[in-house]
Protein chains: 2
Amino acid sequence: MATATRDRILETADLLFYQQGFEATSFADIASAVGISRGNFYHHFKTKDDILDGVINRRLANTEQMLDRWEIEGDDPADRIRSFIHILIFNGEKIRKFGCPVGTLSSELAKLNHAAQPNAASLFTLFRNWLRRQFERLGFADKSDELAMHILGRSQGVATLANAFNDDAFLRREVDLMCAWLDDQIGLLRH
Amino acid sequence: MATATRDRILETADLLFYQQGFEATSFADIASAVGISRGNFYHHFKTKDDILDGVINRRLANTEQMLDRWEIEGDDPADRIRSFIHILIFNGEKIRKFGCPVGTLSSELAKLNHAAQPNAASLFTLFRNWLRRQFERLGFADKSDELAMHILGRSQGVATLANAFNDDAFLRREVDLMCAWLDDQIGLLRH
DNA sequence: GTCTATACGCAGATAGAC
DNA sequence: GTCTATCTGCGTATAGAC
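Parameters at a glance
Residues numbered from 1 in each chain as written. Chains lettered and ligands numbered in written order. Predicted model: local features only at pLDDT ≥ 70, side-chain atom pairs only at ≥ 80, totals over all residues. Heavy atoms only, no water. Near = heavy atom within 4 Å. Polar contact = N/O pair within 3.5 Å; in protein donor to acceptor, adjacent residues only side chain to side chain. Helix = DSSP H or I, 4+ residues; strand = E, 2+ residues; numbered from the N terminus. Contact = heavy atoms within 4.5 Å. Buried area = accessible area lost by both parts, 1.4 Å probe. Salt bridge = Lys/Arg side-chain N within 4 Å of Asp/Glu carboxyl O. Domains from an automatic or database assignment. Nonpolar A, V, L, I, M, F, W, Y, C, P; charged D, E, K, R; others polar. 1 Å grid on protein atoms, 1.4 Å probe; cavity = no way out; pocket = protein on both sides within 12 Å on 5 of 7 lines; lining within 4 Å. Points joined across faces, edges and corners; volume = space filled by probe spheres on them. Core = buried A, V, L, I, M, F, W, Y, C linked by side-chain atoms within 4.5 Å. Buried < 20%, exposed > 50% of the residue type's maximum accessible area, 1.4 Å probe, protein only. Phe/Tyr/Trp six-rings, centres within 6.5 Å; stacked < 30°, edge-to-face > 60°. Lys NZ or Arg CZ within 6 Å of the ring centre and 35° of its normal.

Take the protein's contact with DNA strand C next. Around DNA strand C, the surrounding shell holds 15 residues, and the nearest of these are A:Thr5, A:Ser37, A:His44, B:Phe27 and B:Tyr42. Of everything in DNA strand C that lies within 4 Å of the protein, sugar and phosphate atoms constitute 66%. In the model, a phosphate oxygen of DNA strand C is placed 2.9 Å from a nitrogen or oxygen of the A:Thr5 side chain. When contributions to the surface near DNA strand C are tallied by element, the ones reaching two or more residues are helix H3 (38–44) of chain A together with helix H3 (38–44) of chain B. Ranked by the residues each element gives to the surface near DNA strand C, the list is headed by H3(A), at four residues.

This is the structure we're talking about:
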């Protein structure tokens, strides 16, 4: 198939950008991991920035798939929000090693003053809008976006510190606190 | 004075590492900003990692000074914790541009698998222990470290999202929520 | 579509004159 | 203590054979 190599490059670059960072990952790194020559790259991508765009688009598509799955599997909006919160535990090992894939990429690109930073931030927007919709369905109306951003921020902070200290107990404790916070919010709704 | 140039190098490197990241900052960047030649560097530092160590030590010293100041200026432990929370607003512009200097350095070094990562995390420990002491004085006893980590995590998440979206309103809203959380915790202490 | 060979610049680092 | 000149390797990117 015409796009098989291209897909393998993107899959590998996605992983390496996460584990090593975008700038620290060279064409040679990706090429040797994929098992192709450096020169072959440029048949599929013009520049390194092109690969970055491809990786971000890949992540956007994968994230949308995951959110759709949660939408189907979750019985009610609160359950679905808990799916989001528990991803911190599900991906705990990777997060302690490499941080959150969304947050670390956005931060790196911000520092590099890279044109693709807003593109990376749109990964956050995917979660933000999905969470907002769940809160709306719970009846939070105008507050929904603020609650979505709040919990998104909480999860980012947990990822950053769990990574800095490689602390699994902290991560699990904070997941419990976030679930308790969600229950509190729902309780407050009913006065 | 013998160490004047060394100090200027560290001051400049500190700033550039924050604004551009450690790896993206070259000797040439620092040299031109300081106004010295590249060769002159190696009289003061053997390697780039030596500069990183110097920068981290500089940040450790500056952070200790700031925490000591808060200790003196704050009337009670709750006020001091509010000083910590409000640094997000005080440094809001820089945070929206470059993120939190502690969190972003720790994350970058974690991805680079750099030997100095625990060293960078010790900057977090400085805040963590200072916050823990404030919570202890408020009477939280065993829970003090967990509360310190909680609020440290919250501030990290706020910095990451405020940077990703360049969102000042979110930052201020979350600072208010963190202060409200603090008041709640103190209220719960008295049953 | 994949390869080898190569261009070119900049990175970190060193030697040695002043 | 500061400089200029230089080394060496690796980064992205290109040219052209197969």
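Bringing unusual backbone geometry into the picture now. Even without glycine at this site, A:Ala141 takes up a positive phi of about 50 degrees. As for its position among the elements, A:Ala141 is in the loop between helix H8 (117–138) and helix H9 (144–165).

Okay, the interface of chain A and chain B next. Taken together, the contact between chain A and chain B spans 39 residues of the former and 39 residues of the latter. Buried area between chain A and chain B, summed over both chains or domains, comes out near 3,100 Å², and the portion from carbon and sulfur atoms is 60%. A per-residue breakdown of the area chain A buries against chain B is headed by A:Lys111, A:Met149 and A:Phe165, which together make up 23% of the total. Linking chain A to chain B there are two salt bridges. Of the charged contacts, one joins A:Glu146 and B:Arg173 as a salt bridge, the two residues approaching to 3.7 Å between their closest N and O atoms. In this structure, the connection of chain A to chain B is made through 10 residue pairs in polar contact (both at pLDDT 80 or more).

Residue and element names in this part refer to chain A. Domain parsing of chain A yields domain 1 (1–46) and domain 2 (55–190). Distance between the C-alpha centres of domain 1 and domain 2: 27 Å. With 10 residues of domain 1 at the contact, the number on the domain 2 side is 14 residues. Buried area between domain 1 and domain 2, both sides added, is near 1,100 Å², and the carbon and sulfur share of it is 62%. When residues of domain 1 are sorted by the area they lose upon contact with domain 2, Asp14, Tyr18 and Phe22 head the list and together hold 59% of the total. In this assembly, domain 1 and domain 2 are joined by two salt bridges. Here arginine 59 and aspartate 14 are joined by a salt bridge, their closest N and O atoms 2.8 Å apart.

Our next topic: the protein's contact with DNA strand D. Within the structure, DNA strand D sits among 15 residues, and A:Phe27, A:Tyr42, A:Lys48, B:Thr5 and B:Ser37 are positioned closest to it. In the interface set of DNA strand D, defined as its atoms within 4 Å of the protein, sugar plus phosphate atoms amount to 64%. Between a phosphate oxygen of DNA strand D and a main-chain N or O atom of A:Phe27, the distance comes to 2.9 Å. Separating a phosphate oxygen of DNA strand D from a backbone N or O atom of B:Ser37 is a distance of 2.9 Å. Put simply, the parts of the chain that give the surface near DNA strand D at least two residues each are H3 of chain A together with H3 of chain B. Here the element with the most residues in the surface near DNA strand D is H3(B); it accounts for four residues. Here the surface near DNA strand D is built from residues that sort into four nonpolar, 10 polar and one charged.

What follows covers empty space enclosed by the protein. A complete count under the given rule lists three cavities of 30 Å³ or more for this structure. Every residue lining the largest cavity is counted, 33 residues in all, and those nearest its centre are A:Thr104, A:Ser107, A:Glu108, B:Thr104 and B:Glu108. Taken together, the residues of the lining of the largest cavity sort by class into nine nonpolar, 18 polar and six charged.

Attention shifts here to the environment of B:Ser155. Residue and element names in this part refer to chain B. Tracing the sequence through the fold places serine 155 in helix H9 (residues 144–165). Taking C-alpha positions, serine 155 is 15 Å from arginine 132, a pair spaced 23 residues apart along the chain. Residues contacting serine 155, with those up to four places away along its chain left out, are Phe84, Leu88 and Met178.

A few words now on the nonpolar core. Ranked by size, the top nonpolar core spans 124 residues in total, and within it A:Phe84 and B:Phe84 carry the most contacts. Excluding residues within four positions of it along the chain, B:Phe84 makes contact with B:Trp70, B:Phe127, B:Trp130, B:Leu131, B:Ile151, B:Leu152 and B:Ser155.

With that settled, the discussion passes to the environment of A:Asp49. Residue and element names in this part refer to chain A. Mapped onto the elements, aspartate 49 comes out in helix H4 (residues 48–73). With a relative accessible area of 37%, aspartate 49 lands in the partly exposed category. Sequence-wise, aspartate 49 and methionine 149 are 100 residues apart; in three dimensions their C-alpha atoms are separated by 29 Å. What aspartate 49 contacts, discounting residues up to four positions off in sequence, is Phe22 and His114. Looking at aspartate 49, its side chain comes within polar contact range of the side chain of histidine 114, at 3.0 Å.

Right, let's get into the packing of aromatic side chains. Enumeration according to the criterion identifies 18 aromatic pairs over all chains in this entry. Judged by centre distance (5.3 Å) and plane angle (50 degrees), the rings of A:Phe27 and A:Tyr42 are tilted. In this pair, A:Phe27 sits in helix H2 (residues 27–34) while A:Tyr42 sits in helix H3, placing the two residues 15 residues apart along the sequence. For A:Tyr42, a relative accessible area of 47% translates into the label partly exposed. With a centroid separation of 5.6 Å and an interplanar angle of 75 degrees, the aromatic rings of A:Phe135 and A:Phe140 are classed as edge-to-face. Grouping residues by exposure puts A:Phe135 and A:Phe140 together as buried. The structure contains a cluster of three or more aromatic residues connected by ring pairs, namely A:Phe27, A:Phe41 and A:Tyr42. Its end group placed over the ring of B:Phe22, B:Lys48 keeps NZ or CZ at 4.6 Å from the ring centre. Across the ring face of A:Phe165, the terminal group of B:Arg128 is positioned such that the distance to the ring centre comes to 5.1 Å.

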